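# Architecture and fold: a report
Here are the chains, one letter per residue:
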Amino acid sequence: MPRQSLLKFFLSLLFTLSVSVFLPVFSGSKIAEISTSVRTTSFDEGWLFMKDTLSGAESPGFNDSGWRIVNVPHDWSIEDLPGQNGKDIIGPFDRYAIDKGSSAYLTGGIGWYRKHFVINEEDRDKIAYLQFDGVYMESDVWLNGNHLGFHPYGYTPFYYDITSYLNPPGQSNVVAVRVKNEGMNSRWYSGSGINRHIWLTLSNPVHIDVSGGMYITTPIITGNRAEVKVVVTIVNSGTNNESFALRTELRDPSGKVVATVTGNSEVASGQTIQVKQDIPVQKPFLWSVDEPNLYIAKASVLINNKTVDELAAHFGIRSIRIDSKNGFTLNGKSIDLIGGCIHHDNGPLGAASVDRAEERKIEVLKNIGFNAIRTVHNPPSTALLDACDRLGILVINEIFDTWETAKRNQDYHLWFREWWQRDVESWVRRDRNHPSVIIWSTGNEIREAFDTSGLRIARNLAGEIRRHDQTRWVTECFNDFAWMRGQKSKWDEIPEHMALFDLIGYNYAYKRYEEDHLKYPERIMIGTETNPPLALENYEMVKKHPYVIGYFVWTATDNLGEAGRGMPQLRDIVPDTSSTSAGGEFRRDSWPVFTNYQGDIDLIGNRKVPSYYQSVVWGKSKVEMFIHRPIPKGKREITSSWGFPDELKSWNWSGHEGEKMQVHVYTRSYQVRLTLNGKLVGEQNLDPGKSITAAFEVPYEPGTLVARCYENGRETSSQTLKTTGKPKAIRLIADRTRIRADRNDLAYVRAEIIDSDGNIVPDADDIMVTFKVKGRGEIAGVGSGNPADMSSFQQPGKKAYQGVCLAIVRPETTPGKINIMATAEGLKKASLIISADRTLHPTNKF
C-alpha cells in the first residue's frame, strides 16, 4: 500500500475507533457538556498540518502525504522556525516578526489542517455537527470540498451542521481548515492555529441543541431548599412532528441522585423549542470559593420510552448580590474580590489550551491567594472555566478588546459590525452554566467609549448579553487617559453610557473612587486593572468602601508578548534626572525580552516579587525580604508603573564583598530589625497605614541575614536568607507523580539546582539542564522564568534561571510508567517516575 494511502487508512481507522468507544471524561475535558453515550466525541487527534500558503488544499484529493501529524489543541507559533542563526532567528523567535515584542517576536502566517475520517454504519441517519472551541484566527472550513463557513474571531466557539456533506458510512471524508494569522492583529501574543478542542456530535433527528442547549440557573435559595431551573433547547431536524418526554436528573457532589423530573412535550418538524423545568433540591451543598460544590444535571430525551439523546452539565447552586452599601456577597457572605488579569497563553506551550495546563494555572493562582481572575481581553477556554468551577475562583469573563475602532490595523475591528452579535451569543450560551462566572465584560479601554457610537454599541452589547443570561452582571472596563495625563476627565461626559452597566470597571483609577461616589452614590466600582506596586493602596480602598468590590492586578501571570512592560531597565546616569519611573514608556523593540514581566508569577509558575508583596498586603504573609541586584556604576534603574525593582530572595553576591546592598523588607509590623551573622545592622519603624516597606543598606558579607518584625516590643515574625554553597546536584519535583493516560493531562516537573545541603542556589543562571524521557510519555515543552532566554521551548534542554527550570511531560494514551531524567555538566543527575493510568484524575469528584 502506498505511504499516502496507508497514512489515510490509519487515520480513518483511528477515528472510526474513537467514535465507536466512549472514553471516560478527564477532569478538564469539556465538563460543560459531558456525553453519557457516543453523542459527542473528541475530534482532536490525527490531524495533518502544513504551514504554507497552499492552493487547492481544501480538495479531498489534495496530496497531503508530506504533511506532519499533529493533535489539537495546537499552536504553530511556539514551534521552532527554520533558518536558525543564533542571532535574529532563535528557536521560535524572529527579531523581525511583524509585531515585534507585542507578539513576543513569534510569527503567524497561514496554516492548513486536514483530517481523514469515516462514519460508521450505525450513524447513517444521524445529524452531525463539527464544533470548534477556538481557532486563531480567520478560519475557513471545508468538508469533502464543500465550504462550510468562515469564522474570523480567534476566541469564540463555532460549529457547522455537516450532515448533508458527509459521504456514506464506510467512505472516507476529508475536513480541511485554513487558518490565517497575518499582520498586526493583537496587542498581546495570540498564538496561531486550532489552539482549542474540536468535537464531533452525532445525534438523532430530535436532539438537544449543540450550542448552549442546556441552561441552568438557581433563582431561589432559601434555608435548606433551592430551586433549580433547567431550560433545555430541543431541535427537530427530522421530517416528522414528534412527541417526546424530557427527563432531567440532578446529582449532588457525591454522585447521589437528589431529584428527577419528567415532562412531556411536542416539537414540529424543522422547529426548535425550549422546555423549562423547575426542580427543587433539599439541603443543597452551595458553591463557594472555599467549598466549590458542583452538581450534575443530566437531560434525557425519550421517544416511545427510548432514549434518543442525552446531555449533562455541571453547575453550582449559589446566590450572588451586589449593591453600594453591602458590596459583593456570595451566598449571603461578603467577599472582597482579590483578583488578577490573565491572558490565554500557557507559557512554554504557547496558546495551546491543554486541559491540565489551564487547570494548573488556576491552581497556582488560588494557592498564592487570588480568589478571582479577569480573562483579558477575550473569552477563555472552556477548560479554564471548568478549573475555576472546580477550584473556587470567581471570574470576570471578557469578550472584546476592540469594537469598531482599531487598536491594531488588522484586529477584530474589521469584523465587529458583522460578527459581534453571533460572537456574543456563542460566548454567553457556552459559559452561562459556570458558577465561577459572575460578571460579563463587554470590552476593555474601548476607543469609542466617549462618543455616540460607543453608546450605541454598548447598549447593543449589554442588551444581547442580557437576552441570553440575566443572572449575572454586565460591565465595561474604562480608562480615562485624559484624566491620567492631568487633563479634564471625560467620564462625567458619558453618564448614559455608564448607566447601561451594573457596575463600572475602573482601570488604574483608584484615586477616583471617593470623588465619584459623592457624584454617583449608587455606583458599584471595581478596579479591573491596577498596578502591582500600588497593591496596598488599592487593597485598602476595597477594605474601606463597600461600593468598591475588588481589584484585579495587571497581571497575575507573566505572559508571552507585550514584551518588557514590567521589566526594570538600566540607563546611563544623566545629570539633573529626578524621575526613577519609566511610567510604562518602553521601546517597542525589547529584544531579547519576550514576556511582559508584569506578573505575580513567572512564565513557568514561580512566584515573583509582586506575589510576595501582595501576600503581605493581604495579611497572608507576615514578612518577605528581598535583596536588590547591584547596579553597575554609571547606571541608574528605571522601574515600570507595573514593575518592581530588580530584587531577589538571595544572599549570594560573590564578588560584591563590602559593597552596600539594598535590602527591602515588606511587612505590616511596626518595627523591623536586621541582623547579619548575629550582628544588628539596621532597625526601622514603620507606619503600615502608609507603607509596608522597610529599606536598608547592608555591606555584603557571606552568611546569614535575618529580618525580625516586632509589635509592641514582641517579635511576631522573621525571615532568613543564607548564602548557599556551590551547585552540586539537580533535584526534580513533579506537581503530580500520578496522572491520567490522556493527552489532555500533563506533569510539570521542576528542576532545581541545589547545593550539598539541598538548598536551591539562587544565582545558578547559566547551567544547562538536559531532560530525557523514557516510557509512555514525551516532553511537551521546557521553560524558565527568564524573560530574555530566547531558546527553544521544544528542545529537551533549558538553562536554569535563579536556580530553577521546568519540563512539561505529556503522557501517551497507553497506561504505563514515564521516567524523566535531568543532567547538567558537573552536577549529580536526577530522575523520577510518573505513573500514567486510566483512572479518573483525583481532582474530579465525579
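All chains considered together, the criterion is met by 38 aromatic pairs. Measuring from ring centre to ring centre gives 4.7 Å for Phe93 and Phe594, while their planes differ by 45 degrees; the resulting arrangement is tilted. Note that Phe93 is positioned in strand β5 (residues 93-94) and Phe594 in the loop between β32 (569-572) and α10 (609-618), a separation of 501 residues in sequence. Grouping residues by exposure puts Phe93 and Phe594 together as buried. Aromatic pair Tyr153 and Tyr412: ring centres 4.3 Å apart, planes at 40 degrees, arrangement tilted. One end of the pair, Tyr153, is in the loop between β9 (146-151) and β10 (158-161); the other, Tyr412, is in the loop between β26 (394-398) and α4 (416-431), and 259 residues separate them in sequence. Look at Tyr153 and you get buried, because its relative accessible area is 6%. Clustering of aromatic rings is evident, with ring pairs tying together Tyr136, Tyr153, Tyr155, Phe400, Tyr412, Phe416 and Trp420. Here Arg512 stacks its cationic end above the ring of Trp483, 5.3 Å away from the centre of that ring. Note that Arg523 overlies the ring of Tyr520, its terminal NZ or CZ placed 4.1 Å from the centroid.

On to the confidence of the model for the protein chain. Looking at the protein chain as a whole, its pLDDT mean stands at 93, while 93% of the residues score no less than 70. Taken element by element, the protein chain is modelled with least confidence in helix α1 (residues 3-20), mean pLDDT 39, and with most confidence in β26, mean pLDDT 99. Low pLDDT, under 50, characterises residues 1-37; the stretch is placed with 92 contacts to residues that sit more than four places away or in other chains. A low-confidence stretch, residues 842-846 (pLDDT under 50), is modelled with 17 contacts involving residues beyond four sequence positions or located in other chains.

Let us now look at the nonpolar core. If you look at the biggest cluster of nonpolar residues, it comprises 73 residues, and the most contacted ones within it are Ile373, Phe400 and Val424. Leaving out residues up to four positions away in the same chain, Val424 has contacts with Ile399, Phe400, Leu461, Glu464 and Ile465. Counting residues in hydrophobic clusters, the runner-up holds 28 residues, among them Ile739, Phe771, Ala800 and Leu827.

Three or more residues of α4 are buried, namely Phe416, Trp419, Trp420, Asp423, Val424, Ser426, Trp427, Val428, Arg429, Arg430 and Asp431. Structurally, α4 contributes buried residues whose contacts are with β9, β15 (225-236), α3 (382-391), β26, β27 (437-444) and α5 (452-468).

Okay, unusual backbone geometry next. Omega for the bond connecting Val72 with Pro73 falls within 30 degrees of zero, at 5 degrees, which places this linkage in the cis form. Inspection of the secondary structure puts Pro73 in the loop between β3 (68-70) and β4 (89-90). The linkage connecting Val376 with the following residue, His377, adopts the cis geometry, with an omega of -15 degrees. For His377, the location among the structural elements is in the loop between β25 (372-375) and α3. Even without a glycine there, the phi angle at Asn331 is positive, about 55 degrees.

The rules we used
- Residues numbered from 1 in each chain as written.
- Predicted model: local features only at pLDDT ≥ 70, side-chain atom pairs only at ≥ 80, totals over all residues.
- Heavy atoms only, no water.
- Phe/Tyr/Trp six-rings, centres within 6.5 Å; stacked < 30°, edge-to-face > 60°.
- Helix = DSSP H or I, 4+ residues; strand = E, 2+ residues; numbered from the N terminus.
- Buried < 20%, exposed > 50% of the residue type's maximum accessible area, 1.4 Å probe, protein only.
- Lys NZ or Arg CZ within 6 Å of the ring centre and 35° of its normal.
- pLDDT = per-residue confidence, 0-100.
- Contact = heavy atoms within 4.5 Å.
- Core = buried A, V, L, I, M, F, W, Y, C linked by side-chain atoms within 4.5 Å.

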